[in-house]
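Notes for the structure review
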Amino acid sequence: MKKYDSISYKAVRITDGFWKHRQDINAEVTSRAVYNQFSNSHRFEALDCNWKEGMNYRPHIFWDSDVAKWIEGAAYIIAQTGDTYLEQLCENAIDMIIKNQTEEGYFNSHYLVMDQTERFKIRDNHELYCAGHLIEAACAYYEATGKDRFLKAMCRFADYIYNVFYIYQTASFATSGHQEIELALVRLYDLVGDEKYLTLSRYFLDRRGNNTKDPVSKDAKDASRYLRQDHLPVTMQRTAEGHCVRAMYLYSAMADIAKRYDDEAYLEACQAIYQNVVTKRMYITGGIGSSNLGEAFTTDYFLPNETAYTETCAAIALALFCKRMQQVCADSEFADTIERVLYNGFLSGVSLDGKSFFYSNPLEIDPYFYSVNTSSTTKRYLPIMQRVELFGCSCCPPNVLRFLGSLGELLYTHDEHTLFVHQFMNSEASVRDTSITQTTAYPADGAVTIRIAGDDFKQIAVRIPGWCTGFTTSQPYQLERGYAYFDAAAEIRLVFDMPVQLYEANNAVQNNAGCAAVTRGPIVYCLEGVDNGAHLRSIRISSQASFTPEDAPEYGVPALLCEGLRKKEHDGLYRPYSADREKVPLRFIPYFAFANRGATEMLVWVSVSE
Ligand code: FUB
Ligand code: ZN
């Protein structure tokens, strides 16, 4: 198996441009906004384990994961900016965690105050999920600050889990209800080098779908399939099933195990599942999850736009899976998918000002249907139309924080001889004795200059984006599996043509029939009512339409103007067909920026004529 290492986010500084702007907002605004919301909603207070019946809050079973993801995100920011305020807030939280950790090493702010005797009895109650996020936070905090007390505490917690689940098997279930512990243990192993964490991670994976302790009755089996990916042993799984975030965290851990154990069966399963996702179950935005029932994948080609579930965390989790896959395969499609997620279905999850968030990221909104009940029995699920600062289940905001904070880690991988350039961002990086500088206005423009100082690498492999149909380079290259391989050089320049392109969906995605999505480079565009009036589905564009870019500094990429046709409004519900259409000017904005100007119609898939 080929193996590649990522260059850590700590060694990659994003210096300017599109992502620097987003990282600055993340560091200065999102970190505070999420902290304040979590503080006001008692999530930090709960760590102190002083809760008593009658108080004005109840520690939720997975609040620890919210706080842990916030600490992890804060750690990335501290490492890059030296933010002492964030560090103090982390220290306060860590004080409480360590103070309340039990002798054996257990910590969970819900179980420590609500019901000690229930510990590790209910599989779906997220204890291992919370533990995993705490472990990841501790690793990140140690890497950022060099302070090791949190890391040591979470090693003790991991040791305890090792004993309960692996040595004595005293827990009432065998594998996690919500995955996360599996990948966290690999991370802990990578950091501290203790084999037992890797053993435990693999053990959790090997037992999934393969044990008598977790429920397997017919009904439970169905439920488990839709929730927990244990309908089959993991190496036999070939399709993405069930709850999307859980699924992607599982597949991430499987890719981690494939790499560390050289395990081809694990890799084969990851490859097949990945193909199932990107060829049949992913939105054009990189969003995944087409049903709110079980927050789940459903079936091939079922990709409804208005009711898309497409949780921000799920998009992030898909990118985290792809990040692992690009460490075991030199195939550009993983970085292509990361890019699709980054610029679209992930970034739509946070407002332009960094303060509010979407949980679901639909591809179509019609505000009219929010005011009426379209079903006589149960109300149809429609995602909210405006981002909010906090959810009852507020997993997405701190996930945005940590994902943006560690963005630099997605840019490069390398083996002994080859440096892979996966993403294009203005940046400075270093690995071994080599430094790498990227200068680019991407994604507003397709020109990228890569400067390399140092002679560690014989070849530089630069991803040619999957959307790119024409490009020029400063020197010769060989194309292999989506990468242009150049002999090492001090400077390599590439220009990716970035015309507007219309995309259409497979015929099996019936709801997109006769429609196209407008894209430019990696960016998917949409129409909003605020620019284009009501009834966006009455608009049609020509497949030959010519688009003019319009400066839109607030987005970091241009808006796109074109002429379309619109059916004129008429009285009555029906009338004999009339070809009566008027020419109308249209304005497309990047999908990631929708819903930043109030609740309004939105549409990605627009009717198109030949
Ligand atoms: O269950 C914990 C988190 O809340 C999941 O990852 C999200 O999908 C949401 O259900
Ligand atoms: Zn979420």
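Residues numbered from 1 in each chain as written. Chains lettered and ligands numbered in written order. Predicted model: local features only at pLDDT ≥ 70, side-chain atom pairs only at ≥ 80, totals over all residues. Heavy atoms only, no water.

Some words on the site of ligand 1
The local shell around ligand 1 consists of Phe62, His126, Tyr129, His178, His243, Val245, Glu295, Glu311, Tyr359, Cys393 and Cys395. One of the side-chain nitrogen or oxygen atoms of Glu311 is found 2.6 Å away from an oxygen atom of ligand 1. Residue Tyr359 places a side-chain N or O atom 3.4 Å away from an oxygen atom belonging to ligand 1. Contact with the protein chains removes 95% of the 270 Å² of surface that ligand 1 exposes when unbound. Class assignment for the residues of the shell around ligand 1 results in 6 nonpolar, 3 polar and 2 charged. (Near = heavy atom within 4 Å. Polar contact = N/O pair within 3.5 Å; in protein donor to acceptor, adjacent residues only side chain to side chain. Areas by Shrake-Rupley, 256 points an atom, 1.4 Å probe, with all protein chains shown as cover. Nonpolar A, V, L, I, M, F, W, Y, C, P; charged D, E, K, R; others polar.)

Regarding the coordination of the zinc ion (ligand 2)
The coordination sphere of the zinc ion (ligand 2) contains the protein donors Glu311 (OE), Cys313 (SG), Cys395 (SG) and Cys396 (SG), at a distance range of 2.0 to 2.4 Å. Between the 4 donor atoms coordinating the zinc ion (ligand 2), the angles at the centre fall across 92 to 121°, so the site counts as tetrahedral. Considered as a linear motif, the donors of the zinc ion (ligand 2) on their single chain read E-x1-C-x81-C-C. On the criterion of sequence distance, the pair formed by Glu311 in the loop between α11 (264–281) and α12 (312–325) and Cys395 in the loop between β3 (364–365) and α14 (396–405) is long-range, its members being 84 residues apart. Here Cys395 falls in the buried class, since its relative accessible area comes to 5%. (Donors = N, O, S within 2.8 Å, 3.2 Å for Na, K, Ca; no water. Tetrahedral: all angles 85-135°; square planar, octahedral: opposite > 155°, others 65-115°. Helix = DSSP H or I, 4+ residues; strand = E, 2+ residues; numbered from the N terminus. Buried < 20%, exposed > 50% of the residue type's maximum accessible area, 1.4 Å probe, protein only.)

Quick word on the packing of aromatic side chains
Under the definition given, this model contains 41 aromatic pairs. Between Phe165 and Phe204, the ring centres sit 5.5 Å apart and the planes meet at 70°, which makes this aromatic pair edge-to-face. Residue Phe165 is located in helix α6 (residues 149–167), and its partner Phe204 is located in helix α8 (residues 195–207); the two are separated by 39 residues in the primary sequence. Judged by its relative accessible area of 0%, Phe204 is buried. The interplanar angle of 40° and the centroid separation of 5.5 Å between the aromatic rings of Phe471 and Tyr477 together place this pair among those described as tilted. Taken together, the aromatic side chains of Phe18, Trp19, Tyr343, Phe424, Tyr442, Trp467, Phe471, Tyr477, Phe486, Phe496 and Phe592 make up a single cluster linked through ring pairs. Sitting over the ring of Tyr106, Arg119 keeps its end group 4.0 Å from the ring centre. Taking NZ or CZ as reference, Lys196 lies 6.0 Å from the ring centre of Tyr162, over its face. (Phe/Tyr/Trp six-rings, centres within 6.5 Å; stacked < 30°, edge-to-face > 60°. Lys NZ or Arg CZ within 6 Å of the ring centre and 35° of its normal.)

A closer look at the environment of Gln116
Counting through the fold element by element, Gln116 comes out in the loop between α4 (84–100) and α5 (127–145). Within the local environment of Gln116, its side chain forms a polar contact with the side chain of Arg119, the two groups lying 2.7 Å apart.

Digging into the pairing of strand β9 (residues 459–463)
Where burial is concerned, most of β9 is hidden: 4 out of the 5 residues are buried. In this structure, strand β5 (residues 418–421) lies alongside β9, joined through 4 bridges in parallel fashion. Within β9, the position partnered with Val421 by the bridge is Val462. Where β9 meets strand β12 (residues 483–487), 5 bridges bridge the pair, whose relative direction is antiparallel. Its bridge partner lying in β12, Ala461 is registered against Tyr485. (Pairing = 2+ DSSP bridges.)

Brief notes about the sheet that holds strand β13 (residues 491–496)
The 6 strands are arranged β2-β6-β7-β8-β13-β10 in an open sheet whose pairing can be described as antiparallel. Each of the sheet's edge strands pairs with one partner strand only, and the pair in question is β2 (12–14) and β10 (471–473). Between one strand and the next, the sheet's axes are offset by a mean angle of 15°, whatever the strand orientation. Judged from the 5 bridges that link them, strand β6 (residues 427–431) and strand β7 (residues 434–440) form a sheet pairing that is antiparallel. (Axes fitted to C-alpha atoms, helices over the stretch in contact; angles between N-to-C directions.)

Thoughts on α11
Here α11 contains 18 residues, and its C-alpha end-to-end distance of 24 Å stays within 8% of the 26 Å for a straight helix at 1.5 Å per residue. Taken as a whole, α11 has its buried residues at Tyr266, Leu267, Ala269, Cys270, Ile273, Tyr274, Asn276, Val277 and Arg281. Residues of α11 that are buried sit in contact with α8, α10 (244–261), α12 and α13 (333–346). Capping of α11 at its N-terminal end is provided by Asp263; its side-chain oxygen lies 3.0 Å from the backbone amide nitrogen of Ala265. (Expected span 1.5 Å × (residues − 1). Contact = heavy atoms within 4.5 Å.)

What to know about the sheet that holds strand β4 (residues 412–414)
Pairing in this open sheet of 6 strands is mixed, and the strands run β1-β4-β5-β9-β12-β11 from one edge to the other. With partners counted over all chains shown, the strands left at the sheet margins are β1 (5–6) and β11 (478–480), one partner each.

Observations concerning the nonpolar core
Proteins that are soluble and globular tend to have nonpolar side chains buried together. One finds Trp70 and Phe588 to be the most contacted residues of the largest nonpolar core, which totals 205 residues. Setting aside anything within four residues of it in sequence, one finds Phe588 in contact with Val518, Tyr525, Cys526, Leu527, Ile541, Phe547, Ala559, Leu560, Cys562 and Val606. (Core = buried A, V, L, I, M, F, W, Y, C linked by side-chain atoms within 4.5 Å.)

Considering the domain arrangement of the protein chain
Many analyses report the size of an interface as the accessible area lost when the parts associate. We note that the domain assignment places domain 1 (17–215), domain 2 (217–349), domain 3 (414–496) and domain 4 (500–609) within the protein chain. Distance from the C-alpha centre of domain 1 to the C-alpha centre of domain 2: 23 Å. Across the contact, 29 residues belong to domain 1 and 28 residues belong to domain 2. Roughly 2,400 Å² is buried in total at the junction of domain 1 and domain 2, and carbon and sulfur atoms are behind 60% of that figure. (Domains from an automatic or database assignment. Buried area = accessible area lost by both parts, 1.4 Å probe.)

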